Amino acid sequence: MPVRPNPDSLRALTLETICVNYDLLVYGCLERKDVNKLLDSDMEEYKSVTGPFSEYPSSLLEDLIQMMSEKRGLPKQSLHQLLLPQLQAYTVIMRASRHIQTQLLVNCKQLRKLEFTSCKTIQPLFYNKFFANFPFLVILNLEGTILDNEAFNTIGRTCSNLRSLNVADSTITDGGLYHLVHTPEEPRVRNISTVNILNTRLSDEAVAKFTLSHPGLLKLRVKNMSPMFTRIREMTDLQDLKKNNIFQLRILNFCEGNVDEKAVQLGLEVCPFTESLVIRQTDLSLNLLKPVSKLTHLTSLHLGNSSFSQHNFNFQNGIVPLLKNLSSLLNLTLEKINRVDVLQLGDLCPKLKYLKLTCIGSFLPVFNPGREYFVNLEELIILNTRGAHLYTKTIMQLLSTAFKIQHLRFQFVDTLNDQVWFDILEINPLTNIKSLVFDQCHSISIFSLDTLISRNNELDELSVWSCRFIMDEDKDTVLNLLRMENFSTRFSWYPYTGEEAPIPLEDIEDIDDTEEEEEQEDEDEVPDFMNYWNNVPSFGNRQMNEFNLD
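Cut-off values and rules
- Residues numbered from 1 in each chain as written.
- Predicted model: local features only at pLDDT ≥ 70, side-chain atom pairs only at ≥ 80, totals over all residues.
- Heavy atoms only, no water.
- Pairing = 2+ DSSP bridges.
- Helix = DSSP H or I, 4+ residues; strand = E, 2+ residues; numbered from the N terminus.
- Axes fitted to C-alpha atoms, helices over the stretch in contact; angles between N-to-C directions.
- Contact = heavy atoms within 4.5 Å.
- Right-handed = clockwise from strand over helix to strand, strands pointing away.
- Parallel < 35°, antiparallel > 145°, perpendicular 65-115°, else oblique.
- Left-handed = near helix turned anticlockwise from the far one by under 90°.
- Nonpolar A, V, L, I, M, F, W, Y, C, P; charged D, E, K, R; others polar.
- Salt bridge = Lys/Arg side-chain N within 4 Å of Asp/Glu carboxyl O.
- Buried < 20%, exposed > 50% of the residue type's maximum accessible area, 1.4 Å probe, protein only.
- Core = buried A, V, L, I, M, F, W, Y, C linked by side-chain atoms within 4.5 Å.
- Phe/Tyr/Trp six-rings, centres within 6.5 Å; stacked < 30°, edge-to-face > 60°.
- Arc of directions from axis to C-beta.
- Polar contact = N/O pair within 3.5 Å; in protein donor to acceptor, adjacent residues only side chain to side chain.

**Q** Quick question: what am I supposed to make of the sheet that holds strand β13 (residues 407-411) here?
**A** Strand-to-strand pairing in sheets goes through backbone hydrogen bonds, with the strands running parallel or antiparallel. Strand order in the open sheet formed by ten strands is β7-β8-β9-β10-β11-β12-β13-β14-β15-β16, with parallel pairing between adjacent strands. The sheet is open, and its two borders are formed by β7 (251-254) and β16 (490-494), each paired with just one other strand. Across the sheet, the axes of successive neighbouring strands diverge by a mean angle of 5 degrees, strand direction being ignored. Here helix α16 (residues 315-323) sits on the sheet and contacts β9 (300-304) and β10 (331-335); the angle it forms with β9, its principal contact strand, is near 165 degrees.

In structure tokens form, the structure reads like this:
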């Protein structure tokens, strides 16, 4: 009689060893008749054969399933050995039979987490009974899956402990979401805290009713919350709503479409615990952003004007008063803002770890760089897609004391030349840098790359995209250097293709093809000979670093 392996000794084996010796572990401890049952592809008698993993804890089973899927695949015999009643988390695997997986999963009554994504081959009616087997589910991911409304009725009745639901890109409709609305008469998923409904056909009214019925909701992922709060204004007593501050939402997004000022103000007033706020693609104003200064828990802020804003709202009169009350910010993105002053930015946001400046209209000069600002900065992104003049002293101020910086990206920053880059590295050697991107920065050469590569740092990825003076032979030189020194840095390069003045994609997408706008564009068009990007000065015999680009 074969002796089964001791489960305690098996647990001591590494997952890799178990995976490699899987056949020996499974078939070596079975009698011949049981082996025949497992190998018989036409019969379902394999379900009666107990494997050697029956006493494994859920965490070990989960890791083993993942490794088996990656290295060996999961036929039905292996699935039967691993999908055991004690399993608490499972992801339906694309490369294995979903029919077999769902058949075996119904025995896993203790499941806390289930991911069943991108499934379009199973009949929607199947899910009505399937979800009734998992009363202890806490996390359910159905992204990209075809379901009918009755499936959500089953979820609402059965999964009373559900905390997180992801139905992005799925076929959920208003009827399905209404099955999850919580009422005193019929409690449904009362403890839910995270819901993702991106790219669905849900109406604003249905989303508003769902949100009102779950005051404990912490995260609601939608493209634009403005229509939802507009419907909430129409459905409730605003005075009572503002007085009670019933919403616990931590993330507010107002973008991707029409952004109503009253809806934004309501959202900011009734969600006092907001930690992340995005307001973009709309005309910013002091009145619109007045409630933002009261969000004492705010750590992430993204503000962006519309493409056709008159820009009466700028950094000095709009952003500075706001930041004075938001000293705890860790992440800041400014988009389409004029007159940005990095000195005030560093003074008002001492804890910043992430800073992104994109489509900035203009920067104020820095006359006395070197102040100890941005000391906690870990990632800096400058997308100068409007071609604003970025002073070299401004760049120096951003990086001179940012000793923790790990990720850098520069786009259309032509004042960043070899000499400036060398001076930055002399002050701040960037020892913690992990990734660096030069995107259409036309004043650097291979000397800037060599200066960085030859220093001690953590550089994993270096990207040079369409920079005028980094040519094909320079790419080969860098690759040879990395190969000779046995560096692990990944180098990506794209040749210079002669781009003209940068135009933000959003500006192109927002333009309506009307005759009036075309006439206006013709009137405002700048002749080519006045365009800096089409007239790069020739250096002749002079060295690049002799030019004061400020």
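**Q** Before we go on, may I ask you to explain the sheet that holds strand β2 (residues 113-115) in this structure?
**A** Pairing in this open sheet of six strands is parallel, and the strands run β1-β2-β3-β4-β5-β6 from one edge to the other. With one partner strand each, in any of the chains shown, β1 (89-91) and β6 (219-221) form the two edges of the open sheet. Averaged over all neighbouring strand pairs, the angle between strand axes comes to 0 degrees, with direction disregarded. Sheet topology note: the strand β5 (residues 194-196)/β6 ladder contains three bridges and is parallel. In the sheet register, Thr 194 faces β6, and the bridge partner there is Lys 219.

**Q** Can you walk me through the pairing of β13 in this structure?
**A** Successive residues of a regular strand alternate their side chains across the two faces of the sheet. Bridge analysis of strand β12 (residues 379-383) against β13 gives five bridges, and the strand direction is parallel. Directly across from Ile 382, in β13, lies its bridge partner Phe 410. Traced from β12 through helix α18 (residues 392-399) to β13, the parallel crossover comes out right-handed. As judged from the five bridges shared by β13 and strand β14 (residues 435-439), these two strands associate in the parallel manner. Residue pairing for β14: Gln 411 is matched across the bridge by Asp 439.

**Q** Could you clarify how one ought to interpret the packing of helix α11 (residues 204-213) against helix α12 (residues 226-235) in this entry?
**A** The relative placement of two packed helices is expressed as an angle between their axes plus a distance between the axes. For the pair α11 and α12, interaxial distance at closest approach is 8 Å and the crossing angle is 70 degrees. The orientation of α11 relative to α12 falls into the category roughly perpendicular. Crossing of α11 against α12: the hand is right-handed. The segment α11 lies against α12, with Asp 204, Glu 205, Val 207, Ala 208, Lys 209, Thr 211 and Leu 212 engaging Pro 227, Met 228, Arg 231, Ile 232 and Met 235. Class assignment for the residues of the contact of α11 with α12 results in seven nonpolar, one polar and four charged.

**Q** In this structure, what is going on with the pattern of salt bridges? I would like to understand it.
**A** Between side chains of opposite charge, a pair can form as their charged atoms come close. Evaluated as defined, the whole model comprises twelve salt bridges. Its salt-bridge partner being Glu 205, residue Lys 209 comes within 3.3 Å of it at the nearest N-O pair. Placement of the pair is Lys 209 and Glu 205 together in helix α11, with a separation of four residues, close to one helical turn. Among the residues examined, Lys 209 registers a relative accessible area of 33% and is labelled partly exposed. Among the ionic pairs, Arg 280 bridges to Glu 335, the shortest N-O distance being 2.9 Å. Of this pair, Arg 280 sits in the loop between β8 (276-279) and α15 (286-289) while Glu 335 sits in strand β10, and the two are 55 residues apart along the sequence. On the basis of relative accessibility, which here comes to 12%, the residue Arg 280 falls in the buried class. We classify Glu 335 as buried; its relative accessible area is 3%. A single salt-bridge network, built from bridges that share partners, covers Glu 205, Lys 209, Arg 231 and Glu 234.

**Q** Looking at this structure, how should I read the nonpolar core?
**A** Soluble globular proteins tend to bury their nonpolar side chains together. In terms of nonpolar packing, the biggest core is built from 147 residues, with Phe 229, Phe 410, Trp 421 and Phe 438 touching the most fellow members. With sequence-adjacent residues up to four places away left out, Phe 229 is seen in contact with Phe 247, Leu 249, Leu 252, Phe 254, Ala 263, Leu 266, Gly 267, Val 270 and Cys 271.

**Q** Before we go on, may I ask you to explain helix α7 (residues 98-105) in this structure?
**A** Helical geometry note: an α-helix holds 3.6 residues per turn, so side chains three or four residues apart project in the same direction. Taking burial as the measure, the eight residues of α7 include six buried ones, the bulk of the element. In this structure, the buried side of α7 is in contact with α6 (76-82), β1, β2 and α8 (126-130).

**Q** Looking at this model, I keep getting lost on the packing of aromatic side chains. Mind explaining?
**A** Any two aromatic rings considered together are summarised by their centre-to-centre distance and by the angle between their planes. Under the definition given, this model contains eleven aromatic pairs. With 5.9 Å between their ring centres and 75 degrees between their planes, Phe 116 and Phe 130 make a pair best called edge-to-face. With Phe 116 in the loop between β2 and α8 and Phe 130 in helix α8, this pair connects stretches of sequence that are 14 residues apart. Classification of Phe 116 as buried rests on a relative accessible area of 0%. A residue is classified by how much of its surface remains accessible, and Phe 130, at 2% relative accessible area, is buried. Look at Phe 229 and Phe 247: their rings are 6.2 Å apart centre to centre, the planes differ by 90 degrees, and that puts the pair in the edge-to-face class. Of this pair, Phe 229 sits in helix α12 while Phe 247 sits in the loop between α13 (238-244) and β7, and the two are 18 residues apart along the sequence. Considered together, Phe 229 and Phe 247 belong to a single accessibility category, that of buried residues. Site record: aromatic cluster; members linked through ring pairs are Phe 116, Phe 126, Tyr 127, Phe 130, Phe 131 and Phe 134.

**Q** Explain helix α19 (residues 418-427) here, please?
**A** Among all positions in α19, only Asp 418, Val 420, Trp 421, Ile 424 and Leu 425 are buried. Down the axis of α19, the smallest arc covering the buried residues is 165 degrees, so these residues share one side. Here the buried face of α19 lies against α18, β13, β14 and α20 (446-453). N-cap assignment for α19: the residue whose side-chain oxygen lies 3.2 Å from the backbone N of Gln 419 is Asn 417.

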